[in-house]
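For reference, the chains in residue letters:
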Amino acid sequence: MEKIHIPVLLAETLEYLNIKPNGFYIDCTLGDGGHSFEIYKRLDSNGLLLSIDQDQHAIDFVKEYYKKDIGSNWHIKKSNFSKLETLITGYDRKPDGILMDLGLSSRQLEQSYDRGFSYQEENEPLDMRMDEELGVKAKDLLIVLSEKDLTLLFLKYGEEKFARKIAKAIKQNITDINTVGDLTRLVYRVVPAAHQSSKNPSRRVFQALRIVVNDELNSLKQGLDSSFRLLNSKGRICVLSFHSLEDRIVKEYFNSLADSGEGLLLFKEIVAPTDEEVRMNPRSASAKLRAIEKI
């Protein structure tokens, strides 16, 4: 099994987590295990790492890829970080650091197991579920939601300026939309050529559908709140976000904690990848790191 995903802002994330060898750390999005393994390497036998992911394919990959490295103090569990408080009820210690990497992994984009996360995989179905036990797929939303509701969905979660035109075209052609390629071709037809940049014009539509299918923004709000309550004094939360909706939620939550005197912002502005990192890993370009310490 080949390792695909390159962890974003790795050095900076490790620096701001301020890892203590005997500490307890939680990686809320295991992915390919890049961040988790680097945290784990810095722990001694008294340290503990809990890595969680709602994608069973990610968990299976990491358990196989790192099978010679995973010791008794690296726990891996299938869950969503919105359920963090329930997840750690069996632990008798508070976390000293929590990492949330909100981006899709390269594996999910390139080997999505027929879930259609990438608009480049034309023959994949419109699924988009991180956790395949969830009931609603992206295609279900296109069928069930009205033109008005789809318009609002694309506006709110995709910040798509042509939301109304795209929603109307989807409802008029719904019987012909079954795959990633069907949807991307429709968006290409609807979005005026003058507004089509080098990026695929359907990317905002895909973002909106994925966010709603996986309830990502509500999960983020719950996860942030739970994480901060669970933290040890002087414990830290680091969040990597990749689009403005996520970053806005993180920024507002962290600022509210700083204003109330409960948290200390470790830096006021975001930390972004260097030009060199973006050159080596173009998918890191939109990453934003924010971090806070519990007082």
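Values in this document were obtained by computation on a predicted structure and should not be read as measured data.

Quick notes on the rules
Residues numbered from 1 in each chain as written. Predicted model: local features only at pLDDT ≥ 70, side-chain atom pairs only at ≥ 80, totals over all residues. Heavy atoms only, no water. Helix = DSSP H or I, 4+ residues; strand = E, 2+ residues; numbered from the N terminus. Rg over C-alpha atoms; globule rule 2.2 N^0.38 Å. Buried < 20%, exposed > 50% of the residue type's maximum accessible area, 1.4 Å probe, protein only. Contact = heavy atoms within 4.5 Å. Areas by Shrake-Rupley, 256 points an atom, 1.4 Å probe, with all protein chains shown as cover. Lys, Arg positive; Asp, Glu negative; His and termini not counted. Charge placed at Lys NZ, Arg CZ, Asp CG, Glu CD. Pairing = 2+ DSSP bridges. Axes fitted to C-alpha atoms, helices over the stretch in contact; angles between N-to-C directions. 1 Å grid on protein atoms, 1.4 Å probe; cavity = no way out; pocket = protein on both sides within 12 Å on 5 of 7 lines; lining within 4 Å. Points joined across faces, edges and corners; volume = space filled by probe spheres on them. Nonpolar A, V, L, I, M, F, W, Y, C, P; charged D, E, K, R; others polar. Phe/Tyr/Trp six-rings, centres within 6.5 Å; stacked < 30°, edge-to-face > 60°. Lys NZ or Arg CZ within 6 Å of the ring centre and 35° of its normal. Salt bridge = Lys/Arg side-chain N within 4 Å of Asp/Glu carboxyl O. Polar contact = N/O pair within 3.5 Å; in protein donor to acceptor, adjacent residues only side chain to side chain.

A.B. asks: Got a minute to help me understand the overall build of the chain in this structure?
C.D. replies: When its secondary structure is counted, the chain shows 13 helices and 7 strands. On C-alpha atoms alone, the chain measures out to a radius of gyration of 20 Å, which is about the 19 Å that the 2.2 N^0.38 rule sets for 295 residues. Its C-alpha atoms give the chain principal-axis dimensions of about 60 × 45 × 40 Å. Every one of the 295 residues in the chain was classed for burial, and the buried ones make up 54%. When contacts within the chain are restricted to residue pairs at least 6 apart in sequence, long-range pairs at least 24 apart make up 72% of them. Split by element, the accessible area of the chain, about 14000 Å² in all, is 48% carbon and sulfur. When the 42 basic and 45 acidic side-chain charges of the chain are each reduced to a single mean position, those positions are 3 Å apart.

A.B. asks: What is the right way to look at the sheet that holds strand β5 (residues 236–241) in this model?
C.D. replies: Taken in spatial order, the 7 strands line up as β3-β2-β1-β4-β5-β7-β6 in an open sheet, and their pairing is mixed. Looking at strand neighbours, the two that pair on one side only are β3 (74–78) and β6 (263–265), the edges of this open sheet. Neighbour-to-neighbour, the strand axes of this sheet turn through a mean angle of 15°, independent of strand direction. Pairing analysis gives 3 bridges linking strand β1 (residues 24–27) to strand β4 (residues 97–101), with the strands arranged parallel. Opposite Tyr-25, over in β4, you have Gly-97 as the bridge partner.

A.B. asks: Would you mind showing me how to read empty space enclosed by the protein here?
C.D. replies: Vacant regions in the atomic arrangement are exposed by a probe of water-molecule size rolled over the atoms. Counted under the stated rule, the structure contains 2 cavities of 30 Å³ or more. Size it by volume and the largest cavity reaches roughly 430 Å³. As for the largest cavity, its lining consists of 31 residues, and the residues nearest its centre are Thr-29, Asp-101, Leu-102, Gly-103 and Met-130. Only α2 (34–41), β2 (48–53) and α11 (216–230) provide two or more residues apiece to the lining of the largest cavity. Its residues assigned to classes, the lining of the largest cavity comprises 11 nonpolar, 14 polar and 6 charged.

A.B. asks: Explain the packing of aromatic side chains to me, please; I cannot follow it from the model alone.
C.D. replies: Two measures describe an aromatic ring pair: the distance that separates the ring centres and the angle between the ring planes. According to the stated counting rule, one finds 9 aromatic pairs in the structure shown. Put simply, the rings of Phe-37, Tyr-40, Phe-61, Tyr-65, Tyr-66 and Trp-74 pair up and form one aromatic cluster. Above the face of the Phe-228 ring, Lys-294 is positioned so that its terminal group lies 5.5 Å from the ring centre.

A.B. asks: Just to check I follow, could you spell out the pairing of β1 for this structure?
C.D. replies: In regular strands, side chains alternate between the two faces of the sheet. A two-sided burial pattern is seen for β1, the buried positions comprising Phe-24 and Ile-26 on one face and Tyr-25 and Asp-27 on the other. Pairing of β1 with β2, which is carried by 4 bridges, proceeds in the parallel orientation. Counterpart to Asp-27 in the pairing with β2 is Ser-51.

A.B. asks: Where do I start with helix α9 (residues 180–190) in this structure?
C.D. replies: Owing to its 3.6 residues per turn, the α-helix brings residues three or four apart onto one side. Those residues of α9 that sit buried are Val-180, Gly-181, Leu-183, Thr-184, Leu-186, Val-187 and Val-190. Structurally, α9 contributes buried residues whose contacts are with α8 (163–172) and α10 (203–213).

A.B. asks: Mind showing me how you'd approach unusual backbone geometry here?
C.D. replies: Peptide bonds are, in most cases, trans, and in most cases residues other than glycine have a negative phi. A positive phi angle, near 50°, is found at Asp-215, a position not held by glycine. A positive phi is found at Lys-234, a non-glycine position, where the angle reads about 70°.

A.B. asks: Can you walk me through the side chain of Asp-53 in this structure?
C.D. replies: For Asp-53, the location among the structural elements is in strand β2. An unpaired buried charge is present at Asp-53: no salt bridge exists, and Arg-115, the closest side chain of opposite charge, is 7.5 Å distant. Reaching out from Asp-53, the side chain makes a polar contact with the backbone nitrogen of Leu-30 at a distance of 3.2 Å. Engagement of the side chain of Asp-53 in a polar contact is seen with the backbone nitrogen of Asp-55, the distance being 2.9 Å.

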